[in-house]
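# Descriptive analysis of the structure
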Protein chains: 4
Amino acid sequence: MKNLNIGMIGYGFMGRTHSNAYSQVNHFFPLKYKPVLKAVCARDAEKVRSFADQWGYESVETDWRKVVERKDIDAIDICTPNNLHKEIALAAAANGKMVLCEKPLSMNTAEGEEMVAAIERAGVPNTVWYNYRRAPAVTLAKQLIDSGKLGRIFHYRANFLQDWTISADLPQGGAALWRLDAAAAGSGVTGDLLAHCIDTALWLNGSITDVSAMTETFIKERKHTLTGQIEKVSIDDACTFFCHFKNGSLGLFESTRYARGHKALYTLEVNGEHASLKWDLHDLHRLQWFDHGDEGIVRGWRSVHVSDGDQPYMKNWWVPGLQIGYEHTFIHQVADFLKALEEGKPCSPTFREALETQKVCDAVISSAKERTWKTIAS
Amino acid sequence: MKNLNIGMIGYGFMGRTHSNAYSQVNHFFPLKYKPVLKAVCARDAEKVRSFADQWGYESVETDWRKVVERKDIDAIDICTPNNLHKEIALAAAANGKMVLCEKPLSMNTAEGEEMVAAIERAGVPNTVWYNYRRAPAVTLAKQLIDSGKLGRIFHYRANFLQDWTISADLPQGGAALWRLDAAAAGSGVTGDLLAHCIDTALWLNGSITDVSAMTETFIKERKHTLTGQIEKVSIDDACTFFCHFKNGSLGLFESTRYARGHKALYTLEVNGEHASLKWDLHDLHRLQWFDHGDEGIVRGWRSVHVSDGDQPYMKNWWVPGLQIGYEHTFIHQVADFLKALEEGKPCSPTFREALETQKVCDAVISSAKERTWKTIAS
Amino acid sequence: MKNLNIGMIGYGFMGRTHSNAYSQVNHFFPLKYKPVLKAVCARDAEKVRSFADQWGYESVETDWRKVVERKDIDAIDICTPNNLHKEIALAAAANGKMVLCEKPLSMNTAEGEEMVAAIERAGVPNTVWYNYRRAPAVTLAKQLIDSGKLGRIFHYRANFLQDWTISADLPQGGAALWRLDAAAAGSGVTGDLLAHCIDTALWLNGSITDVSAMTETFIKERKHTLTGQIEKVSIDDACTFFCHFKNGSLGLFESTRYARGHKALYTLEVNGEHASLKWDLHDLHRLQWFDHGDEGIVRGWRSVHVSDGDQPYMKNWWVPGLQIGYEHTFIHQVADFLKALEEGKPCSPTFREALETQKVCDAVISSAKERTWKTIAS
Amino acid sequence: MKNLNIGMIGYGFMGRTHSNAYSQVNHFFPLKYKPVLKAVCARDAEKVRSFADQWGYESVETDWRKVVERKDIDAIDICTPNNLHKEIALAAAANGKMVLCEKPLSMNTAEGEEMVAAIERAGVPNTVWYNYRRAPAVTLAKQLIDSGKLGRIFHYRANFLQDWTISADLPQGGAALWRLDAAAAGSGVTGDLLAHCIDTALWLNGSITDVSAMTETFIKERKHTLTGQIEKVSIDDACTFFCHFKNGSLGLFESTRYARGHKALYTLEVNGEHASLKWDLHDLHRLQWFDHGDEGIVRGWRSVHVSDGDQPYMKNWWVPGLQIGYEHTFIHQVADFLKALEEGKPCSPTFREALETQKVCDAVISSAKERTWKTIAS
């Protein structure tokens, strides 16, 4: 067993999911590498100390530049708000560290290109935490599509619906609500939620060639946590787009934080000539599967409880019928990252792959702004 | 096209479903017989006239004996409370009329045996309105079981759950509530609801050999509509039993009118060696189907939308995806009765077949009373 | 009871649903008018005679001009392919007949405007068969929205997904497949399926101000039934659009006949500030309802089985728990038309109201063609 | 933070779930005690060493008597087959160790009584791993029932359906299949599966007074793994019983390993006067809730996604919409055990409480054998 010393920067919600993944991965997956929680870094010394104690980090830092320079750190995990991703990634690469970066890769395509160039120049292993690829049911969807069982694809459809920002009293900005602040997040639902949908879509269905989008900001002004002032809201509250995929299929994507009744409902559906599949995050352990080849009188959508040993990742968990949950998607990503390290292979999505999602996001934002179709540069 | 003159006795809820079936059947099913609404009979002259006008009955009667003696009537349809079934059926048979009798066949096995003897002596076509057999999804279940796709059957499970009698203020007895009056109904949920479950079970899974039951009357006294007095409630509010089928499988049945949240939830499930199926009345146009022979990674319960032309009865209705409803089960029973008439065959369930259900009901009631197993006489 | 003599032109699938509605309406709804099946018209004398016999039409015609001129006809029901709607409606109006026209109103807005002008000039009662408004669950949705329970509306979302034209071997055109022939249908899924979604949307959520659309024809050539030749397919196989509603909410619509696994899945969802609702045609007797005002720990989507007497139209049918089906939406429309006649009121959607749907359809088609946003003329 | 040194005996499937719980609990729950994986014990030295390495146990033992005598162990966790529970528990108690015992408590009531006496004499903290009580949705059900929202309870219904032993080729006995060997397990589905259902039922709905049961062994003979011989199967493959609860409600329970299509489907439903609830293990993060107090037109079963911070245990996990899984129920039990230790209170179910489940199991088995009702000694 070989140690892989982790230095994590940022310790918010994603800090917990990543720390948990590092702690759990060797209990369930047979691997040659073992992550060691070497250091965690954040500006508030007291809070980061408390976090370190809870998760067993060996040390804390309050300046991320120190972490990326420490000799005893092998890999940098970037869990900060989006506006710091680039700077940290560049410094980490410059110091020869592996980088695991939270999604979205960057604030925009230009930043992302800089990051890809730096990371590839450094030649370090890298990955971006688009964790939903590793929900076993989504990985199973990938297997099914790649097997050809669906035949020609006609439609790809994805939504990410939430309802937590409907109240006009909710402020924007600050530690807890940086996702509502365009300066920290880059965009609203497009980068936060649609980026997930796009990443999965590109993985399952290939490249997107052009997009046409509409965005909306329902609540135009909110108090800013940092200034205490009522300020204009610059993020997109809702974003819808349709598109063409390179394989000739049509795509339809929607995200909003104003869909009352949906907490975090990421859904996707793929319609093929011979078969179709559906998945949603609220019941992430199930895949809906329709096979037109089934005998006609008993043909119907199958609700597949993805908990058997022959389904992706599941032989490492419990027994059939016993479901896993959200955090397991991160454990799977770490397991795959460590396995790739063993085998000297890249771990998808790499920075380069995640840049494709960034390009689509940028095209979506500018299409909505200019009310016109936008082509994705290939 | 040959007319079949109907004389219907009783005109309550079931009177409407049957009248509708007679009115609709020739619009959708190609048949040689055409039911003609010749006469409807009930004691209240004004009400029965109004009913006749609404449905287009040619005449009304207030004495059922007249109807069974009328020369221009071919078939008697018995829609009265259970305590009149026997007398009317016997008179109808004596007059050489065909008989279509509402379920349950009779108040008890002894009455039922008398009715079977009379009807068979008369040699007249006869059927009992166990309409749920003709929900297309249930008929499809029958086809699937008979095809051998399920293999050896291990379990048969059925519920009929309602919640409309929970209020202690609901009275018992009288025209609208005779089902709560043991004198008119014979029993409570056993004859009203479990009889349906048992009929379907015998049809799908064969004979029951012995039963062990429990009944309960939750509200012990209610005002009686006819007397205006608080009287003891003699019906069973809830009844549960388990049993052995002749084929070695186990049965489990439950019915109640105290299951808050369920309006008329008749559910059934059959578990076989190779496949299982489920159905429920609240979504009667669907069949749940599980086939263990499906490829493991995409094995799951299929929700079959029974609306295609190759599924039972559905080529006579609309197009795939467009569901039918409750009343269609009665139309199907009339269609099958008329078709059987054409072909000179019996229409299931006949009086003799319905008597089997009566025997199980009687065994259930006496098992519950005596707290012991009861064998069903074959 | 007053007779309303119906002359129906066309007798295909819609001819059956309308004939059934006329036959059934007085059995279930207390009304002063009674439709009489006076005449049915189609070019094939033998087939129309057989249809008339099955449904009890008193006479047949093979020239629709004769029907609209017959003195004994009160109302003309147009069930022909779309390309005949205008001509028949104009002639009917000129003869002072009421008109019930199948949807969509017309081939395009220009035709529709001519029809509205003619019908209003004639001052005759008129309606368009957008039957899904009268699914009880959809009518209930209307009540809920109008009650203000949802508060400000943020999103309106509707799909109409089918899969019956995926096979490249399916021909286009002719009696059975005129919906695939642009010359007869005007458009593909836009007029056939999205028109339903748009009509319901306008009814539930008010006017649409602008749209941006994408269409696709997946199978470019098919054999034409009438010519026997392989010909270019001119209809849209799939159509997606997003839009703004006048009330500030966003709309997202999609329709396709290439969504494997969906027979006729019309779904709609409305997200409001305080509550949301969902409905779909495959379980048309249910409404999904989410009320944010519910106590937090037990808040969730409610699956409402729309079968109680206090829910729209349901007191006229059976008892709680017993579902109705597809054809009942047509019966409700006839019931409402007759009731409106009694009361001297218009029956929604009138020709004028249905013209709004036509305008949106036209804007959608031209937006897709020109790849740009289109404003709806108000 | 105070260490609690764990000595675990047995390391099979339950060994993993318990080890995971000890590893995870302090990451998510603020507690004063911290479990330390001091020792794990099993007969096979090599395998137990490998297990210890994977989970970080500090030492291994191959003789359980040594573990219970070690001074550095505070708590004994019994994960062995059922036939060893008693002996180990008695020895642990005699050595003053706390005991966490896998369910069912014992092979039978007599053993259980001995264990309760010993553990109470020793005065050591104790608990039995009936983990499903701690599924957040089940704990929420407990809160709802205790709040009185359901009113008078009429029905309690539970199933535990599996299908993994249908093949006649599956052997019985040995390390992996001791649950099929009556000598090791005591009973079949009754002790393995129904014991869970009964424990939850007693917790939610109070005492059971009498039972009537039926059991079946579908496959009469199987090869025994240890002897290599075809031997009689002595366990129950299926078990059904109904019962009365002390509060006047009726109970209905069923378990089988022959329900094709169900992997581990534990379902429960409680019907009260005012409200009802349902839960199942295949979607353990949801609770179905029906409140008759809801406005009639939008009354329906609510599907509650139990993932909000105000729902049991969930503030310690992620954010609304992100589900947890099976293993979390064990983490919750450890969290509650440690919290109870802090507060000097018992942790439910204690040995004494678990003995009640044993009594019901024994009554069920003997009722089935003697085909008669059995009273539960209070």
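Definitions and limits used
- Residues numbered from 1 in each chain as written.
- Chains lettered and ligands numbered in written order.
- Predicted model: local features only at pLDDT ≥ 70, side-chain atom pairs only at ≥ 80, totals over all residues.
- Heavy atoms only, no water.
- Helix = DSSP H or I, 4+ residues; strand = E, 2+ residues; numbered from the N terminus.
- Rg over C-alpha atoms; globule rule 2.2 N^0.38 Å.
- Buried < 20%, exposed > 50% of the residue type's maximum accessible area, 1.4 Å probe, protein only.
- Contact = heavy atoms within 4.5 Å.
- Areas by Shrake-Rupley, 256 points an atom, 1.4 Å probe, with all protein chains shown as cover.
- Lys, Arg positive; Asp, Glu negative; His and termini not counted.
- Charge placed at Lys NZ, Arg CZ, Asp CG, Glu CD.
- 1 Å grid on protein atoms, 1.4 Å probe; cavity = no way out; pocket = protein on both sides within 12 Å on 5 of 7 lines; lining within 4 Å.
- Points joined across faces, edges and corners; volume = space filled by probe spheres on them.
- Nonpolar A, V, L, I, M, F, W, Y, C, P; charged D, E, K, R; others polar.
- Salt bridge = Lys/Arg side-chain N within 4 Å of Asp/Glu carboxyl O.
- Least-squares fit on C-alpha atoms with pLDDT ≥ 70 in both.
- Pairing = 2+ DSSP bridges.
- Axes fitted to C-alpha atoms, helices over the stretch in contact; angles between N-to-C directions.
- Buried area = accessible area lost by both parts, 1.4 Å probe.
- Polar contact = N/O pair within 3.5 Å; in protein donor to acceptor, adjacent residues only side chain to side chain.
- Parallel < 35°, antiparallel > 145°, perpendicular 65-115°, else oblique.
- Expected span 1.5 Å × (residues − 1).
- Core = buried A, V, L, I, M, F, W, Y, C linked by side-chain atoms within 4.5 Å.
- Bend = angle between axes of the 7 residues up to and from the residue.
- Disulfide = S-S within 2.5 Å.

### Regarding the overall build of chain A
Each helix and strand in chain A was counted, giving 11 helices and 17 strands. A globule of 378 residues ought to have a C-alpha radius of gyration of about 21 Å, and chain A, at 21 Å, matches this closely. Along the first, second and third principal axes, the C-alpha set of chain A runs to 65 × 55 × 40 Å. Considering chain A as a whole, with its 378 residues, one finds that 67% of them fall into the buried category. Sequence separation of at least 24 residues holds for 68% of the intrachain contacts in chain A that already meet a minimum separation of 6. For chain A, the exposed surface amounts to about 12,600 Å²; the carbon and sulfur share of it is 49%. Averaging the positions of the 43 positive and the 46 negative side-chain charges in chain A gives two centres separated by 2 Å.

### Observations regarding empty space enclosed by the protein
Residue and element names in this part refer to chain B. Under the definition given, this model contains 1 cavity of 30 Å³ or more. Reported here for the largest cavity is a volume of approximately 30 Å³. Around the largest cavity, the lining residues are T165, Q172, L180, R222, V233, I235, D237 and Y258. Taken together, the residues of the lining of the largest cavity break down into 4 nonpolar, 2 polar and 2 charged.

### So, the pattern of salt bridges
Going through the model one piece at a time under the given rule, you end up with 108 salt bridges over all chains. A salt bridge links B:K345 to B:E343; its shortest N-O distance comes to 3.6 Å. D:E342 is the partner of D:K339 in a salt bridge, and the nearest nitrogen-oxygen pair spans 3.4 Å. Highlighted residues: D:K339 and D:E342, both in helix α9 (residues 328-343), separated by 3 residues, approximately one helical turn.

### Thoughts on the relation of the copies chain C and chain A
Turning chain C through 180 degrees and shifting it by 0.0 Å along the axis lays it on chain A, with an RMSD of 0.0 Å. Interpreted geometrically, this transformation is the action of a two-fold axis. Within chain C, the C-alpha atom positioned nearest to the axis of rotation is that of C:T372, 3.1 Å from it. Both copies present the same face, since 100% of the interface residues in chain C are matched by interface residues at the equivalent positions in chain A.

### Focus on the sheet that holds strand β5 (residues 98-101) of chain C
Residues and elements named next belong to chain C. Across the sheet, which stays open at both edges, the 6 strands sit in the order β3-β2-β1-β4-β5-β6 with parallel pairing between neighbours. The two strands at the open ends of the sheet, each matched to only one other strand, are β3 (59-61) and β6 (126-128). Each strand axis lies, on average, 25 degrees off the axis of its neighbour in the sheet, ignoring direction. With 4 bridges joining them, strand β4 (residues 75-78) and β5 adopt parallel strand pairing.

### Some words on the interface of chain C and chain A
When the parts of a complex come together, some accessible area is lost, and that lost area is often taken as the interface size. Chain C puts 44 residues into the contact, and the matching count from chain A is 44 residues. Both faces considered, chain C and chain A share a buried interface measuring about 3,700 Å² in area, 59% of it formed by carbon and sulfur atoms. Area buried by chain C at its contact with chain A is led by C:M214, C:R260 and C:R371, which between them contribute 20% of it. Between chain C and chain A we count 4 salt bridges in total. The salt bridge partner of A:D210 is C:R371, with a shortest N-O separation of 3.0 Å. Where chain C packs against chain A, one counts 16 residue pairs in polar contact (both at pLDDT 80 or more).

### A look at the packing of helix α6 (residues 136-146) of chain B against helix α9 (residues 189-205) of chain B
Residue and element names in this part refer to chain B. Contact geometry for α6 and α9: axes closest at 9 Å, N-to-C directions at 30 degrees. Our classification of the angle between α6 and α9 gives roughly parallel. Contacts from V138, T139, A141, K142 and I145 of α6 reach α9 at T200, W203 and L204. Residue composition of the contact of α6 with α9, grouped by class: 5 nonpolar, 2 polar and 1 charged.

### Some remarks on the interface of chain A and chain B
With 18 residues of chain A at the contact, the number on the chain B side is 18 residues. Taken together, the two surfaces of chain A and chain B that pack against each other cover about 1,500 Å², and 51% of this comes from carbon and sulfur. Of all residues in chain A, A:I297, A:V298 and A:R302 give up the largest surface area on contact with chain B, accounting jointly for 42% of the area buried on that side. Between B:R302 and A:D294 there is a salt bridge; the shortest N-O distance is 3.5 Å.

### Points about the environment of C:C41
Residues and elements named next belong to chain C. Relative to the helices and strands, C41 is located in strand β2 (residues 33-41). Expressed as a C-alpha distance, the spacing of C41 and Y11, which sit 30 residues apart in the sequence, is 7.4 Å. For C41, the residues in contact, after removing those within four places along its chain, are M8, I9, G10, V48, E61, T62, D63, W64 and V67.

### Brief notes about helix α5 (residues 109-122) of chain A
Residues spaced three or four apart along an α-helix face the same direction, because each turn holds 3.6 residues. Residue and element names in this part refer to chain A. With 14 residues, α5 should reach 20 Å at 1.5 Å per residue; the first-to-last C-alpha distance of 20 Å fits that figure. Among all positions in α5, only T109, E111, G112, M115, V116, A118 and I119 are buried. Capping the start of α5, N108 holds a side-chain oxygen 3.2 Å from the backbone nitrogen of A110, two or three residues further along. Following α5 by one or two positions, G123 has its phi on the positive side, about 65 degrees.

### Side note on unusual backbone geometry
At the junction of B:S348 and B:P349, the peptide bond is cis and its omega measures out at -10 degrees in the coordinates. The backbone of A:Y313 sits at a positive phi, close to 70 degrees, despite the residue not being glycine. Topologically, A:Y313 is positioned in the loop between β16 (301-305) and α10 (328-343).

### Remarks on the nonpolar core
Nonpolar side chains in soluble globular proteins generally cluster together in the buried interior. B:W279 and C:W279 are the most contacted members of the largest nonpolar core, which has 237 residues in total. If one sorts the elements of this core by residue count, helix α9 (residues 189-205) of chain C sits on top with 10 residues. In this view, B:W279 contacts B:Y132, B:A135, B:A137, B:V138, B:Y266, B:T267, B:L268, B:L284, B:R286 and B:L287; residues no more than four positions away in its chain are not counted. Counting 236 residues, the second largest nonpolar core, distinct from the first, contains A:L150, A:V334, D:W64 and D:V364.

### Looking at the sheet that holds strand β4 (residues 75-78) of chain D
All names here are of chain D. In spatial order, the strands read β3-β2-β1-β4-β5-β6; together these 6 strands make up an open sheet with parallel pairing. In the strand order of this sheet, the two ends are held by β3 (59-61) and β6 (126-128), each with one partner. Geometrically, the sheet is characterised by an average inter-axis angle of 25 degrees between neighbouring strands, direction not taken into account. Summarising the sheet, strand β2 (residues 33-41) and β3 pair through 3 bridges and their orientation is parallel. Opposite C41, over in β3, you have E61 as the bridge partner. Of the strands in this sheet, β1 (2-9), β4 and β5 (98-101) are in contact with helix α4 (residues 85-94), which crosses β4 at around 180 degrees. Relative to β6, helix α10 (residues 351-370) is tilted by about 30 degrees, and along the sheet it contacts β5 and β6.

### Regarding α9(C)
At C:A195, α9(C) shows its strongest bend, of approximately 45 degrees. Most of α9(C) sits out of view: 17 of its 17 residues are buried.

### Details of the pairing of strand β14 (residues 275-280) of chain B
All names here are of chain B. Bridge analysis of strand β13 (residues 265-272) against β14 gives 5 bridges, and the strand direction is antiparallel. Bridge pairing in β14 places E269 opposite K278. Bridge count between β14 and strand β15 (residues 286-291): 4 bridges; the pairing is antiparallel. In the strand pairing of β15, A275 is matched with D291. Count of turn residues in the β14/β15 antiparallel hairpin: 5 residues.

### Describing the state of the cysteines
Residue and element names in this part refer to chain B. Counted according to the given criterion, the structure contains 0 disulfides over all chains. Not engaged in a disulfide, the cysteine C243 finds its nearest cysteine sulfur in C239; these two sulfurs lie 11 Å apart. Overall, the relative accessible area of 0% leaves C243 in the buried class.

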